[in-house]
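# Residue-level structural notes
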Amino acid sequence: MSKLTTRPTTTNDKDFDYWDSTKPIVHYPVHVTEEQILSLYQKLDFRYGPLPIEVFGLVGKSVKAGDAGEIYVYDSTTGSLENKIETGHDGSVKRIAAWRGDIVHVVTVSSDGTGRIFNFETGKYCRKLIGHEGPVNCVAVSEDEDFRKALVVPGGKDCTFRTYYLCSGRPKYKELTGHKVPVMAVDFMKVMGGVGMAIVSADVNGEIRIWEK
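All of these numbers come straight from a predicted model, not from anything done at the bench. (Residues numbered from 1 in each chain as written. Predicted model: local features only at pLDDT ≥ 70, side-chain atom pairs only at ≥ 80, totals over all residues. Heavy atoms only, no water.)

Glancing now at the overall build of the protein chain. Broken down by element type, the protein chain carries one helix and 15 strands. Each of the 213 residues in the protein chain was classed as buried or not, and the buried ones make up 51%. Residue pairs at least 24 apart in sequence account for 44% of intrachain contacts in the protein chain once pairs closer than 6 positions are excluded. When the accessible area of the protein chain is evaluated, it comes to approximately 10,700 Å², of which 50% is carbon and sulfur surface. (Helix = DSSP H or I, 4+ residues; strand = E, 2+ residues; numbered from the N terminus. Buried < 20%, exposed > 50% of the residue type's maximum accessible area, 1.4 Å probe, protein only. Contact = heavy atoms within 4.5 Å. Areas by Shrake-Rupley, 256 points an atom, 1.4 Å probe, with all protein chains shown as cover.)

Glancing now at the pattern of salt bridges. A side chain of one charge can pair with a side chain of the opposite charge if their charged atoms are brought near each other. In the structure shown here, the tally under the stated rule is five salt bridges. Among the ionic pairs, arginine 148 bridges to aspartate 146, the shortest N-O distance being 3.1 Å. You can call aspartate 146 partly exposed: its relative accessible area is 24%. Notably, a salt bridge pairs glutamate 175 with arginine 162, separated by 3.7 Å at the nearest N-O pair. Here arginine 162 lies in the loop between strand E11 (151-156) and strand E12 (164-165) and glutamate 175 lies in the loop between E12 and strand E13 (183-191), a separation of 13 residues in the sequence. (Salt bridge = Lys/Arg side-chain N within 4 Å of Asp/Glu carboxyl O.)

So, on to the sheet that holds E11. Sheets are built from strands paired through backbone hydrogen bonds, the pairs being either parallel or antiparallel. With respect to topology, three strands assemble into an open sheet ordered E10-E11-E12, the strand pairing being antiparallel. Where the open sheet ends on each side, the last strands, each with one partner, are strand E10 (136-141) and E12. Note: E11 against E12, two bridges, orientation antiparallel. Of the residues in E12, the one forming a bridge with valine 152 is tyrosine 164. (Pairing = 2+ DSSP bridges.)

As a further point, take the side chain of arginine 209. Residue placement: arginine 209 occurs in strand E15 (residues 207-212). Here glycine 178 takes part through its backbone oxygen, which lies 3.2 Å from a polar atom of the side chain of arginine 209. A distance of 2.8 Å separates polar atoms of two side chains, one belonging to arginine 209 and the other to glutamate 207. (Polar contact = N/O pair within 3.5 Å; in protein donor to acceptor, adjacent residues only side chain to side chain.)

Quick look at the confidence of the model for the protein chain now. Predicted confidence across the protein chain gives a mean pLDDT of 78, with 76% of residues reaching 70 or more. Element-level mean pLDDT values for the protein chain span from 48 in strand E1 (residues 25-26) up to 94 in strand E8 (residues 115-119). Segment residues 1-29: pLDDT under 50, and 60 contacts once partners within four positions in sequence are set aside and those in other chains are kept. (pLDDT = per-residue confidence, 0-100.)

Reading across the sheet, the four strands line up as E6-E7-E8-E9 and stay open at both edges, with antiparallel pairing between neighbours. In this open sheet, the two edge strands, each paired with only one partner strand, are strand E6 (93-99) and strand E9 (125-129). Along the sheet, successive strands turn relative to each other by an average axial angle of 20°, direction set aside. The pairing of strand E7 (residues 105-110) with E8 spans five bridges and is antiparallel. By the bridge assignment, valine 106 is partnered in E8 with phenylalanine 118. (Axes fitted to C-alpha atoms, helices over the stretch in contact; angles between N-to-C directions.)

Attention shifts here to the side chain of threonine 114. Mapping threonine 114 onto the fold places it in the loop between E7 and E8. Residue classification places threonine 114 among the buried residues on the basis of a relative accessible area of 9%. A polar contact is formed between the side chain of threonine 114 and the side chain of aspartate 112, at a distance of 2.8 Å. Ignoring sequence-local partners within four residues, the contact set of threonine 114 consists of His89, Thr108, Val109, Lys128, Leu129, Ile130 and Val136.

Burial of E11 is extensive: six of the six residues sit out of reach of the surface. Of the two faces of E11, the one holding Leu151, Val153 and Gly155 and the one holding Val152, Pro154 and Gly156 are both buried throughout. Bridging between E10 and E11 involves five bridges; their strand directions are antiparallel. Across the sheet, residue cysteine 138 finds its bridge partner in E11, namely glycine 155.

Along the polypeptide, tryptophan 99 turns up in strand E6. The sequence separation of tryptophan 99 and isoleucine 53 amounts to 46 residues, and the corresponding C-alpha distance is 9.3 Å. Filtering out sequence-adjacent residues up to four positions away, tryptophan 99 remains in contact with Val104, His105, Val141, Ser142, Asp144, Glu145, Asp146, Phe147, Ala150 and Leu166. Of note is the side chain of tryptophan 99, whose polar atom sits 2.8 Å from the backbone oxygen of aspartate 144.

Structure below.
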């Protein structure tokens, strides 16, 4: 594996000091590729860029967070602003993720300790995700085709991440613990070693943990 040297630093939280020389620690007898690790590290960057979304697999859109808790929807071809969604968060939006099914849903997480789910086409608020004690730093949504099985996984400054059903906002498991410092990135990845699809989490120290989905 080549040396990882381009790890980003946050622009939001002064107490997060990133680990340019720290090698990742991987738990459990499974294997993740260099590309998967790099993609996880890229998610640690708080300088948030647009999230690309295709509507019905045809029309290109992008979503970007504003400074006051709102999110903006742009036409990817023209770059023109099409919609503004007021999320209702009491703090800044830290991350945006999306479930790209028949009806696209957008998930936001915030420094106010909550996550929120919206119907992308209408901008309508659907449900709220609660449970974290402190800011929520990251979020991932599974690619399950069945809306009833799709999961939302936020990770927080409280050193935990949690799993919720996208359709109801109800927890699937209790909080998943083990990290000693804030969780900064989560993702769903296909890993080898008998696990198959797994949830992979990374914390501020570069420690990576792999959890069977």
